[in-house]
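Read off the chains here:
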Amino acid sequence: MSVPHRIAVLALDGVVALDLGTPAQVFGAARADDRTPLYAVATCTPGGQPVRSSAGFQVLPEHGLELLDSADTVIVPGIHAGSPLLDGTLAAGVTDALHAAYARGARVMSICTGAFVLAAAGLLDGRPATTHWAYAPRFRRLHPGVRLDPDVLFVDDGRVLTSAGVAAGIDLCLHVVRTDHGSAVANRAARRCVVPPWREGGQAQYIERPVPRGTDNGTAATREWARQRLHEPVALREMAAHARMSVRTFTRHFRSETGLSPAQWLLQQRTEYARVLLETTDLSVDRIARDAGFGTTAALRQHFHTRVGVAPTAYRRTFRHPSPAPSPAPRSTSADLGVVAPGRPDVSELSTTTTP
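> I'm lost on the overall build of the protein in this one. Help?
Summing up its helical and strand segments, the protein has 15 helices and ten strands in all. Taken over 356 residues, the protein has a buried fraction of 50%. For the protein, restricting intrachain contacts to residue pairs at least 6 apart in sequence, the fraction spanning at least 24 positions comes to 68%. In the structure as shown, the protein presents an accessible area of about 16,200 Å², 54% of it carried by carbon and sulfur atoms.

> Can you walk me through the pairing of strand S5 (residues 73–76) in this structure?
Two faces make up the sheet, and in a regular strand the side chains alternate between them. The alternating pattern of S5 places Thr73 and Ile75 on one face and Val74 and Val76 on the opposite face, and all of these are buried. Here four bridges tie S5 to strand S6 (residues 107–110), and the two strands are oriented parallel to one another. Bridging across to S6, Val74 finds its partner in Val108.

> So what exactly am I meant to see when it comes to the sheet that holds strand S9 (residues 154–157) here?
Strand pairing within a sheet occurs via backbone hydrogen bonds; the two strands may be parallel or antiparallel. The sheet built from six strands is open, its strands ordered S2-S1-S5-S6-S10-S9 with mixed pairing. Only two strands of the sheet have a single neighbouring strand rather than two, namely strand S2 (39–44) and S9. The average angle at which neighbouring strand axes cross in this sheet is 15°, direction not considered. Bridge count between S6 and strand S10 (residues 160–163): three bridges; the pairing is parallel. Among the inter-strand pairings, Ser110 is bridged to a residue of S10, identified as Thr162. Helix-sheet contacts for helix H1 (residues 17–28) involve strand S1 (5–10), S2 and S5, and the interaxial angle to S2 is about 165°. This element, helix H3 (residues 92–103), spans S1, S5, S6 and S10 of the sheet and lies at about 145° to S5.

> Explain the pattern of salt bridges to me, please; I cannot follow it from the model alone.
Two side chains bearing opposite charge may form a pair once their charged atoms approach each other closely. Counted according to the given criterion, the structure contains twelve salt bridges. A salt bridge links Asp13 to Arg52; its shortest N-O distance comes to 2.4 Å. Of this pair, Asp13 sits in the loop between S1 and H1 while Arg52 sits in strand S3 (residues 51–52), and the two are 39 residues apart along the sequence. The partly exposed category is assigned to Asp13, whose relative accessible area is 32%. Residue classification places Arg52 among the partly exposed positions, given a relative accessible area of 47%. Taking the shortest distance from any N to any O, the salt bridge between Arg178 and Glu279 comes out at 2.6 Å. In this pair, Arg178 sits in helix H6 (residues 168–181) while Glu279 sits in helix H11 (residues 262–280), placing the two residues 101 residues apart along the sequence.

> Honestly, the confidence of the model for the protein in this entry has me stumped. Any pointers?
Detailed conclusions should not be drawn from predicted coordinates in areas where pLDDT is low. Per-chain confidence: the protein averages 85 in pLDDT, with 84% of residues scoring 70 or above. A low-confidence stretch, residues 209–215 (pLDDT under 50), is modelled with two contacts involving residues beyond four sequence positions or located in other chains.

> Got a minute to help me understand the packing of helix H10 (residues 247–258) against H11 in this structure?
When two helices pack together, you describe them by how their axes are tilted relative to each other and by the distance separating the axes. Across the interface, H10 lies against H11 with an axial gap of 9 Å and an inter-helix angle of 50°. The pairing of H10 with H11 is recorded here as oblique in orientation. For the pair H10 and H11, the contacting residues are Phe250, Thr251, Phe254, Arg255 and Thr258 in the first and Pro262, Gln264 and Trp265 in the second. Grouping the constituent residues of the contact of H10 with H11 by class yields four nonpolar, three polar and one charged.

> Quick question: what am I supposed to make of the nonpolar core here?
Most often, soluble globular proteins keep nonpolar side chains buried together rather than apart. Within the largest apolar cluster, 34 residues are counted, with the highest numbers of intra-cluster contacts made by Leu10, Leu90, Leu98, Leu124 and Phe139. Among the elements of the structure, S1, S5, H3, helix H4 (114–120) and helix H5 (136–142) are those that each provide at least two residues to this core. A per-element tally of this core places H4 first, with six residues. Sequence-distant contacts of Leu98, defined by excluding residues within four places in its chain, comprise Leu10, Leu68, Val74, Val76, Leu90, Val117, Leu118, Ala121 and Leu123.

Calculation rules
- Residues numbered from 1 in each chain as written.
- Predicted model: local features only at pLDDT ≥ 70, side-chain atom pairs only at ≥ 80, totals over all residues.
- Heavy atoms only, no water.
- Helix = DSSP H or I, 4+ residues; strand = E, 2+ residues; numbered from the N terminus.
- Buried < 20%, exposed > 50% of the residue type's maximum accessible area, 1.4 Å probe, protein only.
- Contact = heavy atoms within 4.5 Å.
- Areas by Shrake-Rupley, 256 points an atom, 1.4 Å probe, with all protein chains shown as cover.
- Pairing = 2+ DSSP bridges.
- Axes fitted to C-alpha atoms, helices over the stretch in contact; angles between N-to-C directions.
- Salt bridge = Lys/Arg side-chain N within 4 Å of Asp/Glu carboxyl O.
- pLDDT = per-residue confidence, 0-100.
- Parallel < 35°, antiparallel > 145°, perpendicular 65-115°, else oblique.
- Nonpolar A, V, L, I, M, F, W, Y, C, P; charged D, E, K, R; others polar.
- Core = buried A, V, L, I, M, F, W, Y, C linked by side-chain atoms within 4.5 Å.

And the structure:
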């Protein structure tokens, strides 16, 4: 039996309680078809000493920084106190432990303001990264050498990954599960955690802004209507008509709710559906191009490479995870999966993805 992937969660003083529990919850829900755990999650602190959480309780760890010596992945949850937030510095012992883990090949991740810790350790210099949008001005002031993007849910830069605030840590962890084991495993983990396996748009829709006036019901119903028709041409005027709005009003509401234009959103949906088909079916690339609404193989290749970074055939070779025929998954609805594959009830799940 294969050894589970070892994850070390490094809790520092002022650790955000939700961030601290997220890795154990999400990765603990990731199981193989035979229910074997795929990850083993443990928590550590400097010196194995108790640290304060942001929720008014202490964390009593079972490990010190030596846990990082054998971890395959190191995750730093957000913090609401301490020198990384105040002046951008970090204790030498913690810096050395993080550098040593990265140097020997471990994947390093942060949730929310945990990015301040990675930046203070020098692991984000010159890299793209994100953090909680409310802390973006402070982050830029302390770490001008980091290419900060506060408008995304997470950033995957190879072996260094960062997420935006609070619940975006769930998105990042599911993305990692999906990258490691494919859509089916990530979707099962998301279902066990009762969260969608991926979220639309970027972080823009979660940034504080004035609440718009109006009494309409938004564009959610129209988005679901469009999801069911990804294999068909879906024009902006048709979406606006379905929502009973003018094109201009519909576009404004749509962008406010999703952070994307209708055209960008449709392209995102089609690309994600193509990813699922590539991972979970033996359909030809030409058939997938038609079923996902790209029309031609050339269009699929162009948009897929632009968004995902590889050609569809290369993606299939990398992310296809063949296994013995599993038991049929319970039927699910778009409410708990985020999307329903149009016209194909046997392919009803979409996976987590990086945000544009």
